[in-house]
Amino acid sequence: VRSASLICVVAGLAAAWVISAAIRAIRKQSRTTKLRGPRRSSMLFGVSTELFRSSDTGSMFEAWAKEYGVAYEIPMLWGQKRIILCDPKAVAYFFSRDTRSYVGTPAHKATVARMIGKGLLWAEGESHRRQRRSMAPSFNSTAVRKLSPAIHKTVDKLKVAWQANVDASGSGSVVLDVQKCLDAFGIAGFSYDFDSLGGTPNSMISVLDAFAAPSSSYSFWDKSVLFLSNFFPFALNVPTSRGKMLDELRARMSEICELLIDKATKDQEGASNEQVPTIALLLKAEDEDSGQRITREERQLIQEQMRVLFIASYETTASTYYHSDIICPFVSKPSLLVTMTWALFELARHPDIQTKLREELLSFGGEPSYDQLSTGFPYLDAVVQETLRFRPAAQERVRQATEDDVIPLSEPVRTKSGEVVDSIAVERGTVIGISIPCMNRSEAIWGPDAKVFRPERWLESDGITKKAQEVKGHRHLLTFSDGPRTCIGKLFAVAEVKILLLVLVKNFVLEMRDGPDTKVEMTRGIKMRPKVAGEDGIKVPLRIKPYKG
């Protein structure tokens, strides 16, 4: 009986939305350029089901770009449409107007507000600019340089833990789930240890891991409410099990933030200028802006920014899920955890690249400074950049136009009517998407070896194609996004991945437990995360052996 009533409620709301959408369509003829694109495989879901189930959506978007051009239209839920841009010129224009002409969809903003508050990820326009300016000193090169010793200390702790595991095994090697070992950002950034190395249960990590449960485990009610929230954001206030997890996650983060703010406030005066945690820099920025002790409102804002950074460090780097955000329409910054996991995975899968990297790292004696790490290890830099290109944690950037606009293209496309155009008109309310994996691995942009993990491309004079050089993101990649919303912590992220590889590759040999052909899958938590096929949860087991020289 309950299921039947729920179906009636869902059907009634759906019918109301369809009718209102039809009336709006009749009243006003869209001024958006009518682009070609794939046909809907479902009258209800469009192509969103295929995208949601795909383990490589980038290849799907790339295939459609080859067939329909660098700008095309895909059908989504209940007649909704989304314009996809796969053109460097169009993408650069789009990102340059982010937070002003293009903003988050109502469903996205409602979910972000519920999960972490109205901080940097939620804000648009002037509010976003002001919040970003207050946070910038915490992530510039000077701040990262000061934090480098803390990062080294954290990675050294990981090295000691790995060696202890090897010694305890008595076999000269040990199989470890590397994804579970990486908690470095919490320590280095906020002086807070998730303690995944020590095995101590952590309530926040448990909630985050719970989001990686298969979507089949969610009830019909959960799916229905999340489905409807794409059209009626207020539906997120309806009680669901997933909603409870969101609330619990926010509560656990708030508890940690309160403890850290109190500690940082007490320690701020005596803190060394050589090693200031991120939270102290945030407090200092708010204090300087107001000229007095931070207010309750400023304290709340700092909490919201800290929640952004906690999520970004452990799990996120940007992902808007394709089943019309049926799991979670949360967009975030590139994930340290996921990027580190992919870096170790690719090195284990390519022993020749691992050996070449180790040779470069061993040629340097001692612990390099931040500046030496930035410029003195070209192959290490190449491996990190290739990981960011080949395995971006970000999946898709979805925004909605706030005003009519015209987006320029670098090459013409054919419309539904057969007209060839070199720009597309976009009407207010149009939803636009950009696939990060597609842009990072497109053969049209990166050449015929775009699908190959090859760090050498970053060292060769002609390794970066002319088309790839047109991409305006960091190092011609969109992994860190671009424009006003480019990842504020990209320097920190790159430095931490480099230090991780520097220490671990010098001291250990990484191997795939089941051989180099081990199949890897993607699972959806708050974002896409890697896992070895056949493993429970989100495990990425690698065989670890000490390097003997």
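All figures in this text were calculated on a predicted structure; none of them were measured in a lab.

Q: Got a minute to help me understand the state of the cysteines in this structure?
A: With the rule as written, the count across this model stands at zero disulfides. With no disulfide of its own, Cys438 lies 4.0 Å from the sulfur of Cys86, the closest cysteine sulfur.

Q: Would you take a moment to explain the sheet that holds strand β4 (residues 174-177) for this structure?
A: Within a beta sheet, neighbouring strands are joined by backbone hydrogen bonds and run either parallel or antiparallel to one another. Reading across the sheet, the three strands line up as β4-β12-β9 and stay open at both edges, with antiparallel pairing between neighbours. Both edges of this open sheet fall to β4 and β9 (508-512), since each of them pairs with a single strand only. The average undirected angle you get between the axes of adjacent strands in this sheet is 40°. As paired strands, β9 and strand β12 (residues 541-546) are joined by five bridges and run antiparallel to one another. Residue pairing in the sheet places Glu511 in a bridge with Arg543 of β12.

Q: How do you make sense of the sheet that holds strand β2 (residues 81-85) when you look at a structure like this?
A: Taken in spatial order, the five strands make up an open sheet running β1-β2-β8-β5-β3, and their pairing is mixed. Strands with a single pairing partner mark the edges of an open sheet, and in this sheet they are β1 (71-75) and β3 (102-103). Pairing of β3 with strand β5 (residues 396-401), which is carried by two bridges, proceeds in the antiparallel orientation. Counterpart to Val103 in the pairing with β5 is Gln400. Running over the sheet, helix α4 (residues 88-96) touches β2, β3, β5 and β8 (431-435) and is turned about 120° from β8.

Q: Please explain the packing of aromatic side chains as it appears in this structure.
A: For any pair of aromatic rings, the description consists of the separation of the ring centres together with the inter-plane angle of the planes. This model, assessed by the stated rule, comprises 10 aromatic pairs. Between the aromatic rings of Trp162 and Phe508, the centroid separation amounts to 5.5 Å while the plane-to-plane angle is 70°, which identifies the pairing as edge-to-face. Of the two residues, Trp162 is situated in helix α7 (residues 141-169) and Phe508 in strand β9; the sequence distance between them amounts to 346 residues. Owing to a relative accessible area of 1%, Phe508 belongs among the buried residues under this scheme. Relative to Trp458, the ring of Trp446 lies with its centre 5.8 Å away and its plane at 50°, an arrangement referred to as tilted. Taken together, the positions of Trp446 in helix α20 (residues 443-446) and Trp458 in the loop between α20 and α21 (466-469) put the pair 12 residues apart, joining distant regions of the chain. Per residue, the accessibility class of Trp446 equals that of Trp458, and both read buried.

Q: In this structure, what is going on with the packing of helix α15 (residues 336-349) against helix α22 (residues 490-507)? I would like to understand it.
A: Viewed as axis vectors pointing N to C, α15 and α22 meet at an angle of 35°, and their least axial separation amounts to 10 Å. Of the two possible hands of crossing, α15 and α22 adopt the one that is right-handed. Contacts from Leu336, Thr339, Met340, Ala343, Leu344 and Leu347 of α15 reach α22 at Phe492, Ala493, Glu496, Val497, Leu500, Leu501, Leu504 and Val505. Residue classes in the contact of α15 with α22 are distributed as 12 nonpolar, one polar and one charged.

Q: Just to check I follow, could you spell out the nonpolar core for this structure?
A: One broad trend across soluble globular proteins is that nonpolar side chains are buried collectively. One finds Leu85, Trp162, Leu344, Ile434 and Leu501 to be the most contacted residues of the largest nonpolar core, which totals 93 residues. For this core, the element with the most residues is α22, which contributes 12 residues. Once you skip the residues sitting within four places of it in the chain, Leu85 turns out to touch Val70, Ala71, Ala90, Val91, Phe94, Ile407, Ile424, Ile432, Gly433, Ile434 and Met439. Among the nonpolar cores identified, the runner-up in size contains 12 residues, and Phe61, Trp64, Tyr68 and Cys438 belong to it.

Q: In this structure, what is going on with the pairing of β1? I would like to understand it.
A: Side-chain direction in a regular strand flips from residue to residue, so the side chains alternate between the two faces of the sheet. Most of β1 is tucked away, with five of its five residues classed as buried. Taken together, the five bridges between β1 and β2 define a ladder with antiparallel strand orientation. Residue pairing in the sheet places Glu73 in a bridge with Ile83 of β2. Adjacent in sequence and paired antiparallel, β1 and β2 are bridged by five residues, among which Trp78 carries a positive phi angle near 50°.

What counts as what
Residues numbered from 1 in each chain as written. Predicted model: local features only at pLDDT ≥ 70, side-chain atom pairs only at ≥ 80, totals over all residues. Heavy atoms only, no water. Disulfide = S-S within 2.5 Å. Pairing = 2+ DSSP bridges. Helix = DSSP H or I, 4+ residues; strand = E, 2+ residues; numbered from the N terminus. Axes fitted to C-alpha atoms, helices over the stretch in contact; angles between N-to-C directions. Contact = heavy atoms within 4.5 Å. Phe/Tyr/Trp six-rings, centres within 6.5 Å; stacked < 30°, edge-to-face > 60°. Buried < 20%, exposed > 50% of the residue type's maximum accessible area, 1.4 Å probe, protein only. Left-handed = near helix turned anticlockwise from the far one by under 90°. Nonpolar A, V, L, I, M, F, W, Y, C, P; charged D, E, K, R; others polar. Core = buried A, V, L, I, M, F, W, Y, C linked by side-chain atoms within 4.5 Å.

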